[in-house]
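Summary of structural features
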Amino acid sequence: MSIATTIATAYDIAADRYAAIGVDTEQALQTLAVIPISLHCWQGDDVQGFESAGGSLGGGLAVTGNYPGRARTPAELRADLDAALTLIPGRHRVNLHASYGEFGGRPVDRDQIEPGHFTGWIDWAQERGLGLDFNPTCFAHPKAADGFTLAHADAGIRSFWIEHCRRARRIGAAFGAALGTPCVTNVWVPDGFKDTPADRLAPRERLAAALDEVFREPLPPEQLRDAVEPKLFGIGSESCTVGSAEFYLGYCITRGKLLCLDAGHFHPTESIADKLSSVLLYLPEILLHVSRGVRWDSDHVVTLGDDLFAIAREVIATGGPERIRIGLDYFDASIHRVAAWVIGVRNMQKALLAALLEPPAIRAAEAAGDLTARLALQEEAKMLPVGAVWDAFCERHDVAAGEGWLAAVRSYERDVTGRRA
Ligand code: RNT
Ligand code: ZN
């Protein structure tokens, strides 16, 4: 039997198996096909960006590893994203940082960026039918060298970052207008304290006031959605982060912004899965940065484990992809960077598929107060043939099922990334 026939046969059997417990696999495949995942451009070049002044990363962010062949130009990064996208089923989005503009080798400071610096990206996205998301880059810059930006005690430095973020919103709106899909523009700032601060209140007042300045200009929601991202701690800001979870939840509720929940930004045993249903009571939309925290690092490649299954399960069970926008956020330079994207996105999709295939009897057992059955069914569901449905999904989207995609990355490495000096 050919692989394609094996996959088709296995799918038919799996579909029958699911149908017997009230799950429509065709419906699940249709739903999965239209859930976009936003691929974070910064996995492709270790968060370096294309500014002529390209400095050290800072902001508590760190990329480890020196796998050869990182993208050094916009053309290389787009080629690498193209390579990844051909190995990922469905149609997706790309998430850019301000530092990835095309500045023509000229020094364009962060308070000077304009939509014109991103026309190459807009054209590329338009040709491929991709949506774009965006982020101001409030790190890796001399004016962020002491770890403070929007909450800086110096009014001049604050104004510089406010101007940068304002311009980032206009760029995001330009993306949304050009591509016909709102651009989620996410503000994350590193501001925080290595050691115990004497005053936690003033920096938080400054951050709230600065954000209000950033968001002052009304821009159409069909072009732009504003998000803000809390974090528990970073390298060098271990004792207090100005933009904490409580800070931003309150900010979003009072200002009507999207809350960005990064899976690596909480206590190690705390999962963002449980937060979605709470936050959705008070906010219309959430942005996810799906990541994987490992000890001190919050940015490992997403693997298909309990945490990811739980996040995907809650996305499907609570808000759905219209209210919960899914992006990835990690950076690993120790493996092939295209593979890092492919692994993470495919895992996110597999977890969503498992959620879409959840047997309805689990909820029914809970509603009937039968907690024994709920646990029994949850555990039995783990061995249902989700893999056969996933393989069929890949086949239908002309993408390799199983590990077949790895050979494509290897040949791309041989012909392209491996030749980069
Ligand atoms: C940092 C935040 C933020 C960044 C990117 C590069 O802790 O998670 O989202 O990772 O903006
Ligand atoms: Zn993040």
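In case you missed it, the structure is sitting above this.
Reading guide: rules and limits
- Here the residue numbers are simple positions, counted from 1 along each chain's written sequence.
- Here every chain gets a letter starting at A, and every ligand a number starting at 1, in the order they are written.
- Confidence filtering applies because this is a predicted model: local features only for residues at pLDDT of at least 70, side-chain atom pairs given and counted only at 80 or more, and all residues used for totals across whole chains, interfaces and linings.
- Just so you know, side-chain values use all the structure's heavy atoms and leave hydrogens and water out.
- The set of buried Ala, Val, Leu, Ile, Met, Phe, Trp, Tyr and Cys residues whose side-chain atoms join them within 4.5 Å is what this entry labels a nonpolar core.
- Throughout this description, buried means an accessible area under 20% of the type-specific maximum (1.4 Å probe, protein chains only), exposed means over 50%, and partly exposed covers the range between.
- Two residues qualify as a contact provided that any one of their heavy atoms is within 4.5 Å of a heavy atom in the partner residue.
- Basic side-chain nitrogens of Lys or Arg form a salt bridge, by our definition, when they fall within 4 Å of a carboxyl oxygen of Asp or Glu.
- Put simply, DSSP marks the helices as runs of H or I at least four residues long and the strands as runs of E at least two long, and each gets a number from the N terminus on.
- Here, axes are lines fitted to C-alpha atoms. For helices the fit covers the stretch in contact, and angles between N-to-C directions go from 0 to 180 degrees.
- Here the word oblique covers every angle except those under 35 degrees (roughly parallel), over 145 (roughly antiparallel) and from 65 to 115 (roughly perpendicular).
- Left-handed describes a crossing whose near helix is turned anticlockwise from the far helix through less than a right angle; right-handed describes the clockwise counterpart.
- Nearness is defined per residue: one heavy atom within 4 Å of the molecule or strand is enough.
- Any pair of nitrogen or oxygen atoms within 3.5 Å is treated as a polar contact; in protein, a donor-acceptor pairing is required on top of that, and neighbouring residues in sequence qualify only through side-chain atoms on both sides.
- Where accessible areas are quoted, they stem from the Shrake-Rupley method and a 1.4 Å probe; at the residue level, only the protein chains shown are allowed to cover.
- Note that Gly is not counted as nonpolar here; it falls among the polar residues with everything else outside the nonpolar set of Ala, Val, Leu, Ile, Met, Phe, Trp, Tyr, Cys and Pro and the charged set of Asp, Glu, Lys and Arg.
- Here the coordinating atoms are restricted to nitrogen, oxygen and sulfur within 2.8 Å of the metal centre, or 3.2 Å for Na, K and Ca, and because water is not among them the sites may look incomplete.
- All geometry calls rest on donor angles, where a four-donor set with angles between 85 and 135 degrees is tetrahedral, four- and six-donor sets with opposite donors more than 155 degrees apart and all others between 65 and 115 are square planar and octahedral, and all else is irregular.

In this structure, Trp 121, Leu 150, Leu 211 and Leu 288 are the most contacted members of the largest nonpolar core, which totals 120 residues. With residues up to four places along the chain from it excluded, the contact list for Leu 150 reads Arg 158, Trp 161, Ile 162, Cys 165, Val 187, Val 189, Asp 191, Arg 206, Leu 207, Ala 210, Leu 211 and Val 214. Core analysis: the next-biggest nonpolar cluster, separate from the first, contains five residues, Ala 227, Leu 258, Cys 260 and Leu 287 among them.

Before going further, it helps to spend a moment on the pattern of salt bridges. Under the criterion given, the structure shown has 27 salt bridges. Between Arg 170 and Glu 217 there is a salt bridge, with its nearest N and O atoms 2.8 Å apart. Placement of the pair is Arg 170 in helix α5 (residues 155-179) and Glu 217 in the loop between α6 (201-214) and β6 (224-228), with a sequence separation of 47 residues. Among the salt bridges present, the one from Glu 413 reaches Arg 410, with a minimum N-O distance of 3.2 Å.

Put simply, helix α2 (residues 25-33) and helix α13 (residues 386-396) touch, their axes get as near as 11 Å, and they point 55° apart. Here α13 runs oblique to α2, going by the angle between their axes. Judged by the sense of rotation from one axis to the other, the crossing of α2 with α13 is right-handed. Two secondary-structure elements touch here, α2 through Thr 25, Glu 26, Leu 29, Leu 32 and Ala 33 and α13 through Val 389, Trp 390, Phe 393 and Arg 396.

Before going further, it helps to examine the site of ligand 1. Around ligand 1, a shell composed of Trp 42, Leu 61, His 97, Trp 188, Glu 229, Lys 231, Asp 262, His 265, His 289, Asp 329 and Phe 331 is seen. Within the contact set of ligand 1, an oxygen atom lies 2.7 Å away from a side-chain nitrogen or oxygen of His 97. In this structure, Asp 329 approaches ligand 1 through a side-chain N or O atom, which is 2.7 Å from an oxygen atom. If ligand 1 stood free it would expose 300 Å²; the protein chains cover 99% of that surface. Looking at the shell around ligand 1, its residues break down into four nonpolar, three polar and four charged.

Protein coordination at the zinc ion (ligand 2): the donors are Glu 229 (OE), Asp 262 (OD), His 289 (ND1) and Asp 329 (OD), at 2.1 to 2.2 Å from the metal. Note that the zinc ion (ligand 2) binds six donor atoms; their angles at the metal cover 71 to 169°, and the shape is octahedral. Ordering the donors of the zinc ion (ligand 2) by residue number gives the pattern E-x32-D-x26-H-x39-D. Residue Asp 262 is found in strand β8 (residues 258-262), and its partner His 289 is found in strand β9 (residues 286-290); the two are separated by 27 residues along the sequence.

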